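# Structural features, examined
Given next are the chains, with one letter for each unit.
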Amino acid sequence: MECDKCGADAVHHAAYSGAHLCGEHLRRSVEKRVKRRVREDGLLDPDATPEEPDRWVIGLSGGKDSVALTRILDDVFGEDPRVEMLALTIHEGIEGYRDESLDACVELAEDLSLRHEVVSYEEEFDVRMDDVVEDDPENMAACAYCGVFRRDLLETYAAEFGADKLLTGHNLDDEAQTAMMNFLEGDVRQVAKHFDASLGPFDEREGTDAFVPRAKPLRDVPEKEVALYCHVRDLPTHMAECPHSSEAYRGEIQSTIHELEENHPGARHSIMAGYEELSALAAAAYREGGDAAADAPDLGECERCGSTTSRDVCRKCRLLDSIEAA
């Protein structure tokens, strides 16, 4: 199998496009799509200057997605004085797993001379995920606890660092799964919120001071291609799955989409194209008012920690109370 671009040995066949690509042209293809997403979303503030740069916090876990994203963004903006980047790694307290991925984060940050900060559940919340999983006071999946704690720390530290944007390494497969879950759950409000939270171009979103705006520049690239990209560039990457990963529902959706893609190449791209258009329409409808807007919960500060929440006590603090009482 030869590369369609140069005739060298191909390392990948993208069934959705029919392209056969060698390592070098796979690399170029991935980087081209990320750069296009950066442009289309307006990631770089047009008013940014060397004196007042756009500040980006990148969630760097050491996995393939965040490593690829960090490497590409550094290639493009590392020498741009209008951009200030910081990599943030969160240590959940998972024996062996996160320690190894942290090594990859440290190596990459040192290679790029990128500012790198590490925060942990143990230091911030006095909990370790290994212990939380063992006690499981709420009788729910580990990811349900971890997701709440992780989001809280990403938001807290992005705000503390004065970030203008919070960037995460969600790939095409991740986003297609989330889109399908929101469809099947009939969660129109979440579809609308998704547009303003991370999908819409920055000049089309409804801004809020409650959260640091998010962006997902890798979301047009399939997971397999991200993995191959890291391999081709020999990037320090921790490829192991989290030992506590057990999102059963997402796993079913993942299998369904994988089967759709196998039988109908391009299904993931089609799901996201339709979802992004619908999310824009839903966001516009909610902004216009009516019953839907009236149902939106009022946001305030958690009386315990000050985090933004629609209740007196935020979900994170309620989970920590439950863990402490176990």
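Report on the accompanying structure.

Calculation notes
Residues numbered from 1 in each chain as written. Predicted model: local features only at pLDDT ≥ 70, side-chain atom pairs only at ≥ 80, totals over all residues. Heavy atoms only, no water. Helix = DSSP H or I, 4+ residues; strand = E, 2+ residues; numbered from the N terminus. Rg over C-alpha atoms; globule rule 2.2 N^0.38 Å. Buried < 20%, exposed > 50% of the residue type's maximum accessible area, 1.4 Å probe, protein only. Areas by Shrake-Rupley, 256 points an atom, 1.4 Å probe, with all protein chains shown as cover. Lys, Arg positive; Asp, Glu negative; His and termini not counted. Charge placed at Lys NZ, Arg CZ, Asp CG, Glu CD. Disulfide = S-S within 2.5 Å. Pairing = 2+ DSSP bridges. Contact = heavy atoms within 4.5 Å. Axes fitted to C-alpha atoms, helices over the stretch in contact; angles between N-to-C directions. Phe/Tyr/Trp six-rings, centres within 6.5 Å; stacked < 30°, edge-to-face > 60°.

Helix and strand content of the protein: 13 helices and 9 strands. Computed over C-alpha atoms, the radius of gyration of the protein comes to 20 Å, within 12% of the 20 Å expected from 2.2 N^0.38 for 326 residues, which places it in the range of a compact globule. Reported as C-alpha extents along the three principal axes, the dimensions of the protein are approximately 60 × 50 × 50 Å. Going through the 326 residues of the protein one by one, you find that 47% of them count as buried. Counting only carbon and sulfur atoms, one obtains 44% of the accessible surface of the protein, whose full area is about 16400 Å². The distance from the centre of the 35 positive side-chain charges to the centre of the 72 negative ones in the protein is 4 Å.

Our focus in this paragraph is the state of the cysteines. Under the criterion given, the structure shown has 0 disulfides. The thiol of C3 is unpaired, and the distance to the nearest cysteine sulfur, on C22, comes to 3.7 Å. No disulfide involves C302; its nearest neighbouring cysteine sulfur is the one of C314, lying 3.7 Å away. A relative accessible area of 4% means that C302 is categorised as buried.

This part takes up the sheet that holds strand β6 (residues 165-167). Read from one edge of the open sheet, 5 strands run β5-β4-β3-β6-β7, paired in parallel fashion. Looking at which strands have only one partner, the edges of the open sheet turn out to be β5 (115-120) and β7 (214-215). Contacts from helix α2 (residues 64-77) reach β3 (54-59), β4 (83-91) and β6, with the element oriented near 155 degrees to β3. In the packing of helix α3 (residues 97-112) onto the sheet, the strands contacted are β4 and β5, and the crossing angle to β4 comes to about 165 degrees.

So, on to the side chain of K316. For K316, the location among the structural elements is in helix α13 (residues 315-325). Not counting residues up to four positions away in its chain, the partners in contact with K316 are F125, V148, F149, D152, C305 and S307.

In total, this model carries 6 aromatic pairs according to the counting rule given. Judged by centre distance (4.9 Å) and plane angle (80 degrees), the ring pair of W56 and F77 falls under edge-to-face. Here W56, found in strand β3, pairs with F77, found in helix α2; they are 21 residues apart in sequence, far enough to count as distant. Each member of the pair, W56 as well as F77, is classed as buried. Arranged with centres 5.3 Å apart and planes meeting at 45 degrees, the rings of F125 and F149 form a pair that is tilted. You can see F125 sitting in helix α4 (residues 121-125) and its partner F149 sitting in helix α6 (residues 142-160), a full 24 residues away along the chain.

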